[in-house]
Amino acid sequence: MTRTVELGVQGMTCASCVGRVERGLSKVEGVDQATVNLATERATVTYDPEQTSPQALMDKVKAIGYEPVTGTLELGVQGMTCANCVGRVERALKKVDGVLEATVNLATERASIRYLPASVSPGQLKAAVRASGYEILESEAGKDRTDQEREAREREVRELRRAVTFSAVFAIPLLLLAMVPMLYMPFHMWLTGYVDMGTLNWVMLALAAPVQFGPGLRFYRLGWKSLTHRSPDMNSLVMIGTSAAFFYSLVATVAPGLFPEGTAHVYYEASAVVITLILLGKYFEAIAKGRSSEAMKKLLSLQAKTARVVRQGQELEIPTDEVLIGDLLAVRPGEKIPVDGEVMGGNSFVDESMITGEPVPVNKQAGSGVVGGTINQNGAFTFKATRVGADTALAQIIKLVETAQGSKPPIQGLADKVVSVFVPVVLVIAALTFVLWMVFGGQTALSFALVNMVAVLIIACPCAMGLATPTSIMVGTGKAAELGVLFRNGAALEGLQGVKVVAVDKTGTLTKGRPELTDLVTTAGFDRTQVLSLVAAAEGQSEHPIALAIVDAAKREGLMIPVPEHFEAVPGFGLEARVAGHLVQVGADRYMTRLGLDTAAFTAQAHGLGDEGKSPLYAAIDGQLAAIIAVADPIKEGSLEAVSALHRQGLKVAMITGDNQRTAHAIARQLGIDEVLAEVLPSGKSDAVKALQAQGHKVAFVGDGINDAPALAQADVGLAIGTGTDVAVETADVILMSGDLRGVPNAYALSRATLRNIRLNLFWAFAYNIVLIPVAAGVLYPAFGWLLSPVLAAAAMGFSSVFVLTNALRLRGFRPPVRPGPVTAPALPSSPLHA
């Protein structure tokens, strides 16, 4: 069977483009026909789905040189209860022509869809979800989506609380009536002396029916839908199990003569108490799911609702989403900064901890950048809006965290495959349990067959399996965001923990990325301050980075920098200037030799500077050797601590740099770096990463510049310094918002902690079922006489889900191995980040 799909194609300008796209698509194996319309910018393709796919067609369009049009959509899905529900919604969405990818997250209750807008509309995608038996959380005018989701979750918690309370009112007396006489014979004798068993059965029916057809109706409604869609889930198991117990008991109550003498037992307490306990588990689960998104709530709460805009000299308070680029905004002490911008006037300290992970407020003055969502401290200032709406740093962070929380790591693939066949297998096991007990159960075969079948159905509910991975991902990525580490997706979170080598770019990552004056040692008779002032004045006429570093150092020390009366560059040697009546000459040792000056006094210092990778310069004033000077790209604060922490974690650290061997090895010695790849051309950094990968290790690369983008893409995991360039940040899998290298060991430690958490969750979810399903079926009865009551099965099932959620919440207490130091706010890309 063939299918037809429509692709949006951008970039076509003429009939030649049309022909090129048509010919390219027609060459794809499996394509029967391809026609392209220039006016609508659409390609209509008929293809064999067994030979090719829409993704392959899109790849071909891109390879030809044009841009295929895709859309993304996030839908809130209500009514999902377990891993089977997730699978059913995903399958329904993927069956829609034009859907490229669909992932559903049980913990966030969201579906993320990538699709072809030319082939399918959002309305069709919503219809597919509804047709699979679930509801869409529609957005309401004037309401934020996250507010709606929070309200829906709170409503679910309230409804579950009412259902549990109602069920408990009937189930507790029912449990006492059924169990106490069995456990305490005097009470049994007393009770049967007043009430015969027939009447007692009717009383228990009266207590069980409101639970079965009150709160229990939800399982009928959802379970029946699942069965009609041939995708049985948790609700189907509960519906079948409790119905079997209830209706068997009903027949035993209404027509006990249909059963052999002494076998007309009732199991009302099994149906009613099971429903109550499952609802109680779902109630605790809903509360825990709300807590697991706590970090996301913190991020969302940072967004300011209103902004104070200065227009025509007056301050107007308007909604933040109405602020325009270029608007002048006023911020008072204690207020949230509404959007990103640049300070125009005033002075204050700003708390940027939720953006950078740093607790120390940052000083802001004219020219400083400010980030929306951060909190002004004690001063007031005005700033110009430079990024608004979805372009702000906070909006991008929220988008990245949401994307990561909604994505699936590779480890989830195994769980999905198991879950897809799990419930049908459980139904088969339950049926076999019933048949085997009927055959070998003796006089009480029917009772044993029923009880054990119900226990199997209840114990096997796959709730814990569906929650095992997404809850850990939610909490882990949320905690990472609090620490200033952004994971783009679950694959990055999983991939980082498997890394064995961390390759680090030098300039801007290990070092500050700009030259600074590091050393100035004077000879006897010369004042350091005066020498620096004169040398800065001479260097002030040059645009060389070394000259700028010396001038910046003089300015930082508050020195007066006179204007030279004369300036002359001496090619290949240095410079000469006359400043405030003094002759100032600055250059390398060969320049001093040319001037007839002996530099032997500084031999020890020169060797020491050389060992540190610094190239010494000399200054002569009025014909006398005055000072030795070193300008270098200094190591960033925290680089040594970061490298040491990575070593403690068992990782090998390599440095990739374009610098010369001597400088590179000097930096490596200071930091304890294991391997140095120096004199690497910008185009060769990705090859350097390949060389490390060829040693058989997974490699993470940390960089910040445009020239780092190929290496970030080549690495198994790319980590970008958030204060770096847009291109580097766009290419990376992990973003270190603070610009501090100490974020790398923290990200690695959190990745390992999250994966350990996921593995423990999956082990518990699967091992619990593997161990307890046979017990519920009665395999221990011949040897020990042990059977698992459906009531205990329901309690164990609820406990397994709560355990998985509680275990995931432990990640909220994660403590980073290294505490980053104070930094400035990050410079995120001007365009939204795309995961």
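One numbering rule holds for all chains: residues counted from 1, following each sequence as written. It should be noted that, the model being predicted, local features are given only for residues of pLDDT at least 70 and side-chain atom pairs only at 80 or more, the latter also being counted only at that level, while totals for whole chains, interfaces and linings use all residues. Hydrogens and water are ignored here; the side-chain numbers use all heavy atoms of the structure.

**A few points about unusual backbone geometry**
Peptide bonds are mostly trans, and most non-glycine residues show a negative phi. Although it is not a glycine, Ala580 sits at a positive phi angle of roughly 50 degrees. Turning to its location among the elements, Ala580 is positioned in the loop between strand E22 (574-579) and strand E23 (582-587). Positive phi, close to 55 degrees, is recorded for Asp622, a residue that is not glycine. Helix and strand assignments follow DSSP, with helices taken as H or I runs no shorter than four residues and strands as E runs no shorter than two, numbered in order from the N terminus.

**Side note on the packing of aromatic side chains**
The pairing test for Phe, Tyr and Trp rings, Trp by its six-membered ring, is centres within 6.5 Å, and the orientation test on the planes gives stacked under 30 degrees, edge-to-face over 60, and tilted for anything in between. Inspection of every chain in the model, using the stated rule, returns 14 aromatic pairs. Between Phe213 and Phe246, the aromatic rings sit 5.3 Å apart at their centres with planes inclined by 85 degrees, giving edge-to-face as the arrangement. Taken together, the residues Phe213 in the loop between helix H7 (197-212) and helix H8 (217-228) and Phe246 in helix H9 (residues 234-254) connect sequence positions 33 residues apart. The rule is simple: take the accessible area with a 1.4 Å probe, protein chains only, and divide by the maximum for that residue type; under 20% is buried, over 50% is exposed, in between is partly exposed. Phe213 sits in the partly exposed class, given a relative accessible area of 38%. Ring geometry for Phe573 versus Tyr591: centroids 6.3 Å apart, planes at 50 degrees, classification tilted. Linking Phe573 in the loop between strand E21 (566-570) and E22 with Tyr591 in helix H21 (residues 589-594), this pair joins segments that are 18 residues apart in sequence. Taking the relative accessible area as the measure of exposure, Phe573 reaches 28% and is therefore partly exposed. Judged by relative accessible area, Tyr591 falls into the buried class, the value being 2%. Members of the aromatic cluster, each reached through a chain of ring pairs, are Phe213, Tyr220, Phe246, Phe247 and Tyr268.

**A closer look at the environment of Thr663**
Here Thr663 lies in helix H24 (residues 661-671). Counting along the chain gives 52 residues from Thr663 to Asp611, while the straight-line C-alpha distance between them is 8.2 Å.

**Regarding the pairing of strand E29 (residues 717-721)**
Most of E29 is tucked away, with 5 of its 5 residues classed as buried. The alternating pattern of E29 places Val717, Leu719 and Ile721 on one face and Gly718 and Ala720 on the opposite face, and all of these are buried. By definition, two strands form a pair when at least two bridges between them are found by DSSP. Relative to E29, strand E28 (residues 699-703) runs parallel, the two sharing 4 bridges. Directly across from Gly703, in E29, lies its bridge partner Ala720. Here E29 runs beside strand E30 (residues 734-736); their pairing, made up of 3 bridges, is parallel. Note on E30: the bridge partner recorded for Ile721 is Leu736.

**With respect to the sheet that holds strand E9 (residues 306-311)**
The strand order across the open sheet built from 6 strands is E10-E9-E11-E17-E12-E15, with neighbouring strands paired in antiparallel fashion. Every interior strand has two partners, whereas the edge strands, strand E10 (314-319) and strand E15 (369-370), have only one.

**Describing the UniProt feature "transmembrane region" (unreviewed entry) in the chain**
UniProt positions are given in the numbering used here, feature names are shortened, and annotations may be inferred rather than shown by experiment. Using the residue numbers shown here, the UniProt feature "transmembrane region" (unreviewed entry) corresponds to residues 163-187, 199-217, 237-259, 265-284, 418-440, 446-469, 762-781 and 787-809. For residues 199-217, the end-to-end C-alpha separation is 26 Å, with 79% helix and 0% strand making up the annotated structure. Taken end to end, residues 265-284 comprises 85% helix and 0% strand; its first and last C-alpha atoms sit 33 Å apart.

**Regarding the confidence of the model for the chain**
A residue-level look at the chain finds 86% of positions with pLDDT of 70 or above and a mean pLDDT of 81. Ignoring residues within four places in sequence, the model shows residues 822-835, a span with pLDDT below 50, making 58 contacts including any to other chains. Confidence scores labelled pLDDT are given residue by residue by the predictor and lie between 0 and 100. Note on contacts: a residue pair qualifies if any of its non-hydrogen atoms lie within 4.5 Å across the two residues.

**Some thoughts on the state of the cysteines**
Here, a disulfide means two cysteine sulfur atoms that sit within 2.5 Å of each other. Going through the model one piece at a time under the given rule, you end up with 0 disulfides. The thiol sulfur of Cys17 is not disulfide-bonded, and the nearest other cysteine sulfur, from Cys14, lies at 3.8 Å.

**Brief notes about the side chain of Ser243**
Relative to the helices and strands, Ser243 is located in helix H9. Using a relative accessible area of 11% as the deciding quantity, one classes Ser243 as buried. N or O atoms closer than or at 3.5 Å make up a polar contact, with two conditions inside protein: a donor-capable atom paired with an acceptor-capable one, and, for residues adjacent in sequence, both atoms drawn from side chains. Reaching out from Ser243, the side chain makes a polar contact with the backbone oxygen of Met239 at a distance of 2.6 Å. For Ser243, the contacting residues outside a window of four places in its chain are Gln212, Tyr220, Val238 and Tyr248.

**Here's the deal with the environment of Gly718**
Relative to the helices and strands, Gly718 is located in strand E29. Assessed through its relative accessible area of 0%, Gly718 is described here as buried. Distance from Gly718 to Ala492, taken between C-alpha atoms, is 8.6 Å for residues 226 residues apart in sequence.

**Some details on the packing of helix H1 (residues 15-26) against helix H2 (residues 54-64)**
All axes are obtained by fitting lines to C-alpha atoms, using only the stretch in contact for helices, and the reported angles, taken between N-to-C directions, cover 0 to 180 degrees. At their nearest, the axes of H1 and H2 sit 9 Å apart, and the two run at 135 degrees to each other. Viewed along their axes, H1 and H2 adopt a mutual orientation that is oblique. Along this stretch, H1 crosses H2, giving a crossing that reads as right-handed. Between H1, through Arg20, Val21, Gly24 and Leu25, and H2, the contact on the second element is made entirely by Leu57, Lys60, Val61 and Ile64. Here the contact of H1 with H2 is composed, by residue class, of 5 nonpolar, 1 polar and 2 charged. Under this scheme an angle from 65 to 115 degrees is roughly perpendicular, one under 35 degrees roughly parallel, and one over 145 degrees roughly antiparallel; angles in between are oblique. Put simply, a crossing is left-handed when the front helix is turned counterclockwise from the back one by less than a right angle, and right-handed when it is turned clockwise. Ten residues, namely Ala, Val, Leu, Ile, Met, Phe, Trp, Tyr, Cys and Pro, are considered nonpolar, four, namely Asp, Glu, Lys and Arg, are considered charged, and the remaining ones, Gly among them, are considered polar.

**A look at helix H23 (residues 639-648)**
Count 3.6 residues to each turn of an α-helix, and residues three or four apart come out pointing the same way. Every buried residue of H23 is listed here: Ser639, Ala642, Val643, Ala645 and Leu646. Axial view of H23: buried residues confined to an arc of 160 degrees, hence all on one face. Looking at the buried positions of H23, the neighbouring elements they touch are strand E19 (501-505), helix H18 (506-510), strand E26 (652-656), H24 and helix H28 (743-777). Count one or two residues on from H23 and you reach Gly650, which has phi positive near 85 degrees. What the arc describes is the spread of directions from the helix axis to the C-beta atoms.

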